[in-house]
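Structure assessment
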Amino acid sequence: MNYISTRKNNEKVSFKEAVINGLSNNGGLYFPEIIPQLPISFFDKIENLEDNEIAFKVLYPFIKGSLTAVQLKALITETINFPIPVVSVEKDIFALELFHGPTQAFKDVGARFMSRCLSHFYADKKEAITILVATSGDTGSAVANGFFNLPGVSVKILFPKGKVSPYQEYQMTGLGKNIKAIEVDGTFDDCQKLVKEAFNDNQLRKEISLSSANSINIARLLPQMLYYFFAYKQLKLKLKDKDLVVSVPSGNLGNLTAGLLAKNMGLPIKRFIAAHNANDSFNQYLKTGRLKKKASILTYSNAMDVGNPSNFERIEHLYKRVVNSVNQDVSSFSFNDDMTIEEIKNCYNQNNYMLDPHGAIGKLALNKGIKVNEVGVFIETAHPQKFSEIIIKAIPNYCSDDVDLKNLKKIKMNNSYSELKGLLSP
Ligand SMILES: *Cc1c(COP(=O)(O)O)cnc(C)c1O
């Protein structure tokens with residue numbers, strides 16, 4: 001499989017090169033040159049396949065030539081070693097729980113897969129690599145956990161000061177060793193911009209071997225397709241003759257892009273709903289055909305506080321820049337913080353199901369968008385415990401484990417590229 005840039009040029013690279021480079025050399029994102037098609041026979045008996053077999057069939061065409069079948073199988077076993085269940089919440093409404101991994105958010109799947117790919121690809125290189133990543137919360141902890149103690153890898157995580165939950169900060173800064181958490185006096189968009197600047201800094205890239213771990217890295221994106229296949233496998237027999245629609249709480253649109261890729265491979269999901277908080281650039285794009293970059297707004301669902309979603313370029317590329325084609329597969333709604341709290345409260349009282357703020361927005365969008373003859377799944381992207389200070393606003397007697405933030409090791413910096421460069425230079 002070759003990978004091309006979402007911004008047209010002649011570059012064509014292997015999976016290995018795409019993973020190592022992170023970003024293509026004209027600033028675009030890597031995208032598979034063709035979308036492999038899965039045969040109908042695969043879906044006819046998908047419920048009889050093990051998750052590992054499904055994962056291999058889905059991913060192998062994308063990595064062929066860069067990893068062997070045996071290597072990929074080992075990688076899959078290490079990546080999905082926790083349950084990914086579909087749970088019934090209401091009539092015809094299900095939650096796909098992606099929070100059973102080590103850092104309790106869906107990003108564990110992508111981060112674990114990517115970290116192990118990079119270790120493989122760098123095994124024959126002498127120099128150490130630096131993984132540079134910006135996070136609005138969950139990426140940082142998943143990446144920190146995925147790379148922790150991997151030899152030859154140093155990880156630098158930029159997170160916005162005061163804008164991640166205490167639990168997230170604890171998970172990022174608590175590990176130490178090869179993981180450095182850097183608190184930036186700015187927003188998530190600032191952090192993301194600093195990372196892009198470093199990747200575009202040719203002088204720096206001659207001095208250190210830099211790799212990305214954001215959802216812009218194709219190795220994080222591809223394994224995220226798997227949960228949609230696992231969800232379909234679990235629901236297939238319950239669908240009868242109804243159609244499946246999936247609501248995806250969205251920020252940088254990585255999860256949604258992965259779902260759309262899965263659909264474009266042949267997975268029978270009828271359509272997707274992009275669920276947003278007040279940061280609704282993509283929602284506006286679907287209505288107007290233009291994505292207006294906005295500054296991000298701080299909300300209770302902070303992992304979705306993204307004003308300029310990085311994977312938007314991939315969605316545009318996949319649908320050949322025709323907004324009407326995107327509209328055929330995706331609709332979108334946005335909800336504010338008060339609605340989020342209301343939904344957490346109502347869902348708990350009516351269904352005895354505890355939502356996290358991101359899942360709450362996913363469920364709100366699903367309830368609003370679902371049509372007759374559809375079965376709906378919303379993605380529960382994180383465990384409520386990660387956002388206990390928000391849950392308490394909805395469910396006052398909610399109690400979770402306290403985290404001790406006193407002895408965490410973090411580096412503080414201003415929103416300044418020269419400061420970042422200083423921290424990265426050898
Ligand atoms: C990252 C994240 C999201 C947003 O996912 P994208 O792929 O960036 O759209 C939603 N919910 C949680 C809990 C997250 O960690």
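Throughout, residues of each chain are indexed from 1 in the direction in which the sequence is written. Totals for whole chains, interfaces and linings use all residues, but because this is a predicted model, local features are given only for residues with pLDDT of at least 70 and pairs of side-chain atoms are given and counted only at 80 or more. Note that water and hydrogens are dropped before the side-chain values are worked out from all heavy atoms of the structure.

As for the site of the ligand
The criterion for a residue being near a molecule or strand is simple. One of its heavy atoms has to lie within 4 Å of it. Taken together, 15 residues sit near the ligand, with Lys107, Asp138, Gly251, Asn252 and Thr381 positioned nearest. Contacts described as polar in this section are N or O atom pairs within 3.5 Å, which, within protein, must combine one atom able to donate a hydrogen with one able to accept it, while residues neighboring in sequence count only if both atoms come from side chains. In the environment of the ligand, an oxygen atom lies 2.8 Å from a nitrogen or oxygen atom belonging to the backbone of asparagine 252. Working definition of accessibility: Shrake-Rupley area with a 1.4 Å probe, residue cover restricted to the visible protein chains. Contact with the protein chains removes 97% of the 380 Å² of surface that the ligand exposes when unbound. For each structure, a 1 Å grid was placed over the protein atoms alone; sets of points admitting a 1.4 Å probe that cannot get out are labelled cavities, open sets with protein on both sides within 12 Å along at least five of seven lines are labelled pockets, and lining residues have an atom within 4 Å of a point. Placement in a cavity or pocket follows one criterion, namely that more than half of the molecule's atoms lie within 2 Å of its grid points. According to the grid-proximity analysis, the pocket containing the ligand is the largest cavity. Here the shell around the ligand is composed, by residue class, of 6 nonpolar, 7 polar and 2 charged. Note on residue classes: Ala, Val, Leu, Ile, Met, Phe, Trp, Tyr, Cys and Pro are nonpolar, Asp, Glu, Lys and Arg are charged, and everything else, Gly too, is polar.

Here we look at the layout of surface pockets
In this model, the largest pocket occupies a volume close to 400 Å³. The wall of the largest pocket is formed by 14 residues, among which Gln192, Lys196, Lys293, Asn308 and Pro309 lie closest to the centre. For helices the rule is a DSSP run of H or I covering at least 4 residues; for strands it is a run of E covering at least 2, with both sets numbered from the N terminus onward. Listing elements by their share of the lining of the largest pocket, those giving two or more residues are α8 (188–199) and α14 (312–318). Top contributing element to the lining of the largest pocket by residue count: α8, with 4 residues. Residues that form the lining of the largest pocket fall into these classes: 4 nonpolar, 3 polar and 7 charged. Grid points are joined across faces, edges and corners, and a volume is the space filled by probe spheres set on the points.

Digging into unusual backbone geometry
One non-glycine residue, asparagine 149, lies in positive phi territory at about 70°. Along the chain, asparagine 149 falls in the loop between α6 (138–147) and β6 (153–160). Relative accessibility thresholds used throughout: buried, under 20% of the residue-type maximum; exposed, over 50%; partly exposed, between the two (1.4 Å probe, protein chains only). By relative accessible area, asparagine 149 is classed as partly exposed at 45%. Of note in this structure, lysine 177 is not a glycine but carries a positive phi near 50°.

So, the side chain of serine 209
Relative to the helices and strands, serine 209 is located in strand β8 (residues 209–212). What makes serine 209 buried here is its relative accessible area of 13%. Contacts were defined at the residue level, with two residues in contact if any of their heavy atoms lie within 4.5 Å. Residues in contact with serine 209, not counting those within four places in the same chain, are Tyr122, Glu127, Ala128, Ile129 and Thr130.

Side note on helix α19 (residues 417–424)
Three or more residues of α19 are buried, namely Tyr417, Leu420, Lys421 and Leu424. An end-on view of α19 places all buried positions within 100° of arc, on one side of the element. Exposed residues on α19 whose side chains face more than 90 degrees from its buried face are Ser418 and Gly422. Tucked into the core, α19 has its buried residues touching β5 (129–134), β6, α8, α9 (202–207) and β13 (410–414). Directions are taken from the helix axis to each C-beta atom, and the arc is the one they span.

Here's the deal with the environment of leucine 75
Inspection of the secondary structure assignment puts leucine 75 in helix α4 (residues 69–79). According to the relative accessible area criterion, leucine 75 is buried, its value standing at 3%. When the C-alpha positions of leucine 75 and aspartate 189 are compared, they lie 32 Å apart, and in sequence the two are 114 residues distant. Here leucine 75 is in contact with Leu67, Phe113, Arg116, Cys117 and His120, once residues within four sequence places are set aside.

Thoughts on the sheet that holds β13
When DSSP finds two or more bridges between two strands, those strands count as paired. Across the sheet, 5 strands lie side by side as β8-β5-β6-β7-β13; this open sheet has parallel pairing. Two strands bound the open sheet, and with one partner strand each, they are β8 and β13. Pairs of neighbouring strands in the sheet enclose a mean axial angle of 25°, with direction left out of account. Both strand β7 (residues 179–185) and β13 contribute to a ladder of 5 bridges, which runs parallel. Counted as the bridge partner of glutamate 183 is lysine 412 from β13. Every axis in this analysis is a line fitted to C-alpha atoms, fitted for helices over the stretch in contact. Angles between the N-to-C directions lie between 0 and 180 degrees.

Concerning empty space enclosed by the protein
Enumeration over the complete set of coordinates arrives at 2 cavities of 30 Å³ or more. Size it by volume and the largest cavity reaches roughly 270 Å³. In terms of lining residues, the largest cavity is bounded by 27 residues, among which Phe106, Lys107, Gly251, Asn252 and Ala303 are the most central. The set of elements that each furnish at least two residues to the lining of the largest cavity consists of α6, β9 (243–249) and α12 (254–265).

A short note on the sheet that holds β9
Judged by pairing direction, the sheet is mixed, and its 6 strands sit side by side in the order β3-β4-β12-β9-β10-β11 without closing on themselves. Only two strands of the sheet have a single partner each, and these edge strands are β3 (86–90) and β11 (330–334). When strand polarity is set aside, the average angle formed by the axes of neighbouring strands in this sheet is 25°. Taken together, the 5 bridges between strand β10 (residues 271–276) and β11 define a ladder with parallel strand orientation. Across the sheet, phenylalanine 272 pairs through a bridge with valine 330, a residue of β11. This element, α12, spans β9, β10, β11 and β12 (374–380) of the sheet and lies at about 180° to β10.

Everything listed here is a matter of geometry and, on its own, says nothing about what the molecule does.
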